[in-house]
Amino acid sequence: MKQKTMPAILATSFLAATLFTPAALAEHTVKLPAAENQATILVDSFTDVPNDHFAYEAIHYLHNLGYISGKGNHQFAPQASITRAEAALMIVNVTGLKATDSYSLQVSDVSANHFAYDALRALEQKKIMQGYEKKMRPNDPITRAEVSVLLSKSFNYAEPARFHHFTDVNRSAWSYEYINKLAENGITSQQGANFMPNKQTTRAEFSMFVARSLNDRFK
């Protein structure tokens, strides 16, 4: 992206515990509507996202497609950390993933009237985002390492053909495989520099990651 202790990671997310096999991953390939491959007319919907902001086009692209919304009063809060619930909702909006009608969320901290209940239910059943000790922690910020797992399990990215170097991500790191996949597919542009895996992901950064996952023009 433009210059723009394991227990803690586990408490926030247990995303790394399960992997898709290639066959299962193919099942979740995102099929883009024709509209997503067309030029998007940008509308200045958010007063806190100036047109020189690094994620300006990505945010408006996703907003115009109905995948994201603001915080009210024409504010998007691009520098605010995105929560696990907000990230889950955006992923489900984009992919169309749904849980079966009979499936109930297996955590104790998300009520059935929570705004992201169905999104979290879908991602939990598909083993894309799971809780830890019966806690989903929907209001917790999600780190960039955790986002790399969420995205890798949600999109049918190509498998890496090489190792990409990051100054702050060792190849033995639990999230390296997923971060490497983002680098291989142009979702992050930070190979050779810092990825900042433990940094909280901003709403603007997550929007850019998702837009790049949908449309190569943002890479």
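One can find the structure itself at the top, above this paragraph.
In this text the structure is predicted, and so the values were computed from the model without any measurement.

**Q** Explain the pattern of salt bridges residue by residue, including any values.
**A** Applying the stated rule across the entire model yields nine salt bridges. Here K71 and E86 are joined by a salt bridge, their closest N and O atoms 2.6 Å apart. Of this pair, K71 sits in the loop between α3 (56–64) and α4 (84–95) while E86 sits in helix α4, placing them 15 residues apart in sequence. Judged by relative accessible area, which is 16%, E86 ranks as buried. In this structure, the salt-bridge partner of K181 is E159, at a minimum N-O distance of 2.9 Å. Placement of the pair is K181 in helix α7 (residues 176–184) and E159 in the loop between α6 (144–154) and α7, with a sequence separation of 22 residues. What makes K181 buried here is its relative accessible area of 7%. Here the residues in one salt-bridge network are K71, E86 and R203, joined through shared partners.

**Q** How would you sum up the packing of aromatic side chains? Please name residues and give values.
**A** Summed over all chains, the structure comprises five aromatic pairs. Geometrically, the ring pair formed by Y61 and F218 is tilted, given 4.8 Å between the ring centres and 55 degrees between the ring planes. Residue Y61 is located in helix α3, and its partner F218 is located in the segment after α8 (203–214); the two are separated by 157 residues in the primary sequence. Just as Y61 is buried, F218 falls in that class too. Judged by centre distance (5.8 Å) and plane angle (25 degrees), the rings of F155 and Y157 are stacked. The ring of F163 is capped by R171, whose NZ or CZ atom sits 4.0 Å from the centre of that ring. Of note, R203 hangs over the ring of F76, and the distance from its end group to the ring centre comes to 4.3 Å.

Definitions and cut-offs
- Residues numbered from 1 in each chain as written.
- Predicted model: local features only at pLDDT ≥ 70, side-chain atom pairs only at ≥ 80, totals over all residues.
- Heavy atoms only, no water.
- Salt bridge = Lys/Arg side-chain N within 4 Å of Asp/Glu carboxyl O.
- Helix = DSSP H or I, 4+ residues; strand = E, 2+ residues; numbered from the N terminus.
- Buried < 20%, exposed > 50% of the residue type's maximum accessible area, 1.4 Å probe, protein only.
- Phe/Tyr/Trp six-rings, centres within 6.5 Å; stacked < 30°, edge-to-face > 60°.
- Lys NZ or Arg CZ within 6 Å of the ring centre and 35° of its normal.

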